[in-house]
Amino acid sequence: MKIAMIGTGYVGLVSGVCFSDFGHTVVCVDKDPRKIEMLERGEVPIYEPGLDALMAKNVDAGRLSFTLDLPAAIEGAEAVFIAVGTPTRRGDGHADLTYVMAAAEEIAKAAKDYVVIVTKSTVPVGTNRKVRDVVAAANPGLDFDVASNPEFLREGAAIDDFMKPDRVVVGVENDRAAKVMSEIYRPLYLRDFPIVTTDLESAEMIKYAANAFLATKITFINEIAALCEKVGADVKQVSKGMGMDNRIGNKFLHAGPGYGGSCFPKDTKALARIGQEHASPMHITEAVIAVNEDTKRRMIGKLQDLCDGKFNGKTVCVLGVTFKPNTDDMRDAPSLTIVPALVGGGAKVKVCDPQGQHEGEGLLPGVQWHDDPYDAAKGADLLVLLTEWNEFRALDLNRIAQGMSRAVMADLRNIYNANVARDAGFVAYEGVGRIGYV
Ligand SMILES: NC(=O)c1ccc[n+]([C@@H]2O[C@H](COP(=O)([O-])OP(=O)(O)OC[C@H]3O[C@@H](n4cnc5c(N)ncnc54)[C@H](O)[C@@H]3O)[C@@H](O)[C@H]2O)c1
């Protein structure tokens, strides 16, 4: 099959590479010449483990190519995927559909034969129908169908998630489009990964409902963590005890500094907005958004307490600034709230992140970047563990503590614990939702 993928961001590039690995011929399109030049040189513009090798393998096999030329890419394609960004629209929280609609129109103008236009971007309910209207208006004679195929991959584990999904969701209006979609996903179908086929609206809703639910789970445990600190409970033990209940499950129950990333913040806001527009308020999701903001602010208060009430004149070492490990994505990362509060409060901030510097430099002005966590911690009055990269999970804490001016740790991912910190020579330690010492 020939497939065109519009947008080569985290989702479009991973999907395009994986579809080519299924054996399809895939042409990936982007508007950004810098990205296409890099891809043509065999360089991956994002950090995603395993993506470079899989991409090279399929380029070498002649199944995968990159271009700025959308009309050329879709020539002869049986399916064209839209995987462009749907960021939060300024002012009202709605998903900004400008890029999706622009891509739909470009596809319509260039398409000649029957094609299935598949939206992979996360879009509000009703968008696929709007895509259909836009395409029909731009090219009235075109024989086409639309399909909704939301993506559930996680950055940092994207290839595995794409190749071994919990499920694939496909929203279609007729058997003809369903047949094309099942042909595309046949390799997964043959390996017994479930394909859930629905109408367009349900597929669109599944994605928002799933992300809002996961954001709720994280936020719930973060709120429980705040209470644990007050009542003397340990949230790690609480989530372990909760998670063993099969009805609850142990995933997404790790207390931390609040969720961030390219999906949860914008998708929860978009769902809340969809609810408002339909006079069907999403009270739970709205509360989740508010509690998540409180959680990030609570972290700043915690750090301030560990700095005797003020950041001014203190040196703070921050380990990890990407929104989670194994990605270079900084979109809506908690670090974007926490680090500016440190810098704004007058602290000297030293940052170390295995992949975050490239993106982070523009987003976190006024910080010093270090490649080595021990260098970063040298002379610091406070060590903040903000993203749980593997590199920070087995630090020589004795060495870190010895190099610090005042050995104090804020472990916002609960990687270590009070006993371990005390043994290593830390004079104060605080986690999230558990008893520390000052
Ligand atoms: N990032 C994730 O983990 C993730 C997971 C699941 C779903 N999603 C959803 O997938 C969508 C894409 O997310 P992303 O993180 O990959 O976005 P991204 O911002 O990383 O990439 C979008 C790409 O589309 C390109 N683009 C925009 N308009 C174009 C056009 N008309 N023609 C060609 N290229 C165009 C941009 O240049 C950019 O490279 C979003 O709707 C997002 O919510 C993302």
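Residues numbered from 1 in each chain as written. Predicted model: local features only at pLDDT ≥ 70, side-chain atom pairs only at ≥ 80, totals over all residues. Heavy atoms only, no water.

- The protein chain has the name UDP-glucose 6-dehydrogenase in an unreviewed UniProt entry, where Marivita cryptomonadis is given as its organism.
- The UniProt entry for the protein chain carries the following comment under Pathway (unreviewed entry): "Nucleotide-sugar biosynthesis; UDP-alpha-D-glucuronate biosynthesis; UDP-alpha-D-glucuronate from UDP-alpha-D-glucose: step 1/1."
- Per UniProt, the comment on the protein chain under Sequence similarities (unreviewed entry) is "Belongs to the UDP-glucose/GDP-mannose dehydrogenase family." (UniProt positions renumbered as here; feature names shortened; annotations may be inferred.)

1. Quick word on the overall build of the protein chain
Phase 1 of the analysis: Across its full length, the protein chain carries 18 helices and 14 strands.
Phase 2 of the analysis: Taken over C-alpha atoms, the radius of gyration comes to 23 Å for the protein chain, in line with the 22 Å a tight globule of 438 residues would show.
Phase 3 of the analysis: In terms of its C-alpha atoms, the protein chain occupies a principal-axis envelope of roughly 70 × 50 × 40 Å.
Phase 4 of the analysis: When the accessible area of the protein chain is evaluated, it comes to approximately 18,900 Å², of which 51% is carbon and sulfur surface.
Phase 5 of the analysis: One finds the centroid of the 49 positive side-chain charges in the protein chain at a distance of 4 Å from the centroid of its 59 negative side-chain charges. (Helix = DSSP H or I, 4+ residues; strand = E, 2+ residues; numbered from the N terminus. Rg over C-alpha atoms; globule rule 2.2 N^0.38 Å. Areas by Shrake-Rupley, 256 points an atom, 1.4 Å probe, with all protein chains shown as cover. Lys, Arg positive; Asp, Glu negative; His and termini not counted. Charge placed at Lys NZ, Arg CZ, Asp CG, Glu CD.)

2. Brief notes about the UniProt feature "binding site: substrate" (unreviewed entry) in the protein chain
Phase 1 of the analysis: Per the UniProt annotation, the sites labelled "binding site: substrate" (unreviewed entry) are F152, L153, R154, E155, K207, F252, L253, H254, A255, G256, G260 and K324. Considering the C-alpha atoms alone, the annotated residues occupy 173 residues of sequence and remain spread out, their largest mutual distance being 23.8 Å.
Phase 2 of the analysis: Note on placement: F152 falls in the loop between β6 (144–148) and α7 (158–163).
Phase 3 of the analysis: Not counting chain neighbours up to four residues away, the residues in contact with F152 comprise D161, R167, V169, I206, K207 and A210.
Phase 4 of the analysis: For A255, the position within the fold is in the loop between α11 (235–243) and α12 (264–277).
Phase 5 of the analysis: A relative accessible area of 9% places A255 in the buried class.
Phase 6 of the analysis: Leave out the neighbours within four places in its chain, and A255 touches I221, N222, A225, V235, L412, N414 and V432. (Contact = heavy atoms within 4.5 Å. Buried < 20%, exposed > 50% of the residue type's maximum accessible area, 1.4 Å probe, protein only.)

3. Focus on the packing of aromatic side chains
Phase 1 of the analysis: A complete count under the given rule lists eight aromatic pairs for this structure.
Phase 2 of the analysis: Judged by centre distance (5.9 Å) and plane angle (70 degrees), the rings of F19 and F22 are edge-to-face. As far as the burial class goes, F19 and F22 line up, both buried.
Phase 3 of the analysis: Arranged with centres 5.4 Å apart and planes meeting at 70 degrees, the rings of F19 and Y185 form a pair that is edge-to-face. Linking F19 in helix α1 (residues 10–21) with Y185 in the loop between α8 (175–184) and α9 (186–190), this pair joins segments that are 166 residues apart in sequence. Taken as a pair, F19 and Y185 share a single burial class, namely buried.
Phase 4 of the analysis: Aromatic ring contacts, followed pair by pair, group F19, F22, F81, F162 and Y185 into a single cluster.
Phase 5 of the analysis: Above the ring of Y114, the side-chain terminus of R176 is found at 3.5 Å from the ring centroid.
Phase 6 of the analysis: Across the ring face of Y374, the terminal group of R399 is positioned such that the distance to the ring centre comes to 3.8 Å. (Phe/Tyr/Trp six-rings, centres within 6.5 Å; stacked < 30°, edge-to-face > 60°. Lys NZ or Arg CZ within 6 Å of the ring centre and 35° of its normal.)

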